[in-house]
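Here is how the chains run, residue by residue.
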Amino acid sequence: MATMHVELVSVEKALWSGEATAVFARTPEGELGILPGHAPLLGALAPGWVVRIDRVDESSVKVAVHGGILSVRKDGVSVLGEIAEFGDEIDVARARAALEAASGDSPEDLAARNRALSRLRAAGETV
């Protein structure tokens, strides 16, 4: 089975680094599936979505990444975010409350809505 090195980093700290068989993410241009040997690319991560890393010998992990980019190089993949949260660490009730509270059309409400959607999706909730 072919693998690639993946790093998940937020502004505050490195969150995970290891071998993976695939990385899935959404950019403004559409959803991407990155497999070992993928062509190099650099893309912004779409707000409100998640990154899924299919880890070797471990379960897949879903991560809410806010304000991030995806960098694919010959030697691996880096997911770089301003904030990144593992799906199993998300407070679902708090994320649902934040989604309900972000009902306006202001840029702040849109950003809060996207963060809440990303968190809920990472936690495996339907939205």
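Structural data are supplied above this passage.
Everything numeric here is computed off the predicted structure, so don't read it as measured data.

What counts, and where the lines are drawn
Residues numbered from 1 in each chain as written. Predicted model: local features only at pLDDT ≥ 70, side-chain atom pairs only at ≥ 80, totals over all residues. Heavy atoms only, no water. Helix = DSSP H or I, 4+ residues; strand = E, 2+ residues; numbered from the N terminus. Rg over C-alpha atoms; globule rule 2.2 N^0.38 Å. Buried < 20%, exposed > 50% of the residue type's maximum accessible area, 1.4 Å probe, protein only. Contact = heavy atoms within 4.5 Å. Areas by Shrake-Rupley, 256 points an atom, 1.4 Å probe, with all protein chains shown as cover. Lys, Arg positive; Asp, Glu negative; His and termini not counted. Charge placed at Lys NZ, Arg CZ, Asp CG, Glu CD. Patch = residues over 30% accessible without salt bridge, like charges linked within 9 Å, V, L, I, M, F, W, Y side chains within 5 Å. Salt bridge = Lys/Arg side-chain N within 4 Å of Asp/Glu carboxyl O. Core = buried A, V, L, I, M, F, W, Y, C linked by side-chain atoms within 4.5 Å. Expected span 1.5 Å × (residues − 1).

A. Quick look at the overall build of the protein chain. Helix and strand counts for the protein chain come out as 2 helices and 7 strands. Going from the N terminus to the C terminus, the protein chain shows its helices and strands as β-β-β-β-β-β-β-α-α. A globule of 127 residues ought to have a C-alpha radius of gyration of about 14 Å, and the protein chain, at 15 Å, matches this closely. Split into buried and exposed, the 127 residues of the protein chain put 40% on the buried side. Pairs at least 24 residues apart make up 52% of the contacts formed inside the protein chain by residues separated by at least 6 positions. Of the roughly 7100 Å² of accessible surface on the protein chain, 51% is carried by carbon and sulfur atoms. Charge separation in the protein chain, taken as the distance between the mean sites of 13 positive and 19 negative side-chain charges, equals 2 Å.

B. Spotlight on a nonpolar patch on the surface. Where nonpolar side chains cluster on the molecular surface, the patch consists of L42, I69 and L80 and spans about 260 Å² of accessible area. Following the sequence through the fold, I69 ends up in strand 6 (residues 61-73). Residue I69 is classed as partly exposed on the basis of its relative accessible area of 33%.

C. Representation of the nonpolar core within the structure. Ranked by size, the top nonpolar core spans 21 residues in total, and within it L8, L70 and V77 carry the most contacts. Listed by contribution, the elements that provide at least two residues to this core are strand 1 (4-10), strand 2 (14-27), strand 5 (50-55), strand 6 and strand 7 (76-86). In this structure, L70 is in contact with V23, A25, L32, I34, L41, L42, G43, L45, V77, S78 and V79, ignoring residues within four places of it in sequence.

D. Representation of helix 2 (residues 107-122). Here helix 2 contains 16 residues, and its C-alpha end-to-end distance of 22 Å stays within 8% of the 22 Å for a straight helix at 1.5 Å per residue. Looking at helix 2, one finds that the buried residues are A112, N114, A116, L117, S118, L120, R121 and A122. The inward-facing, buried residues of helix 2 contact strand 5, strand 6 and helix 1 (92-101). The positive-phi residue at the C-terminal boundary of helix 2 is G124, with phi of around 85 degrees.

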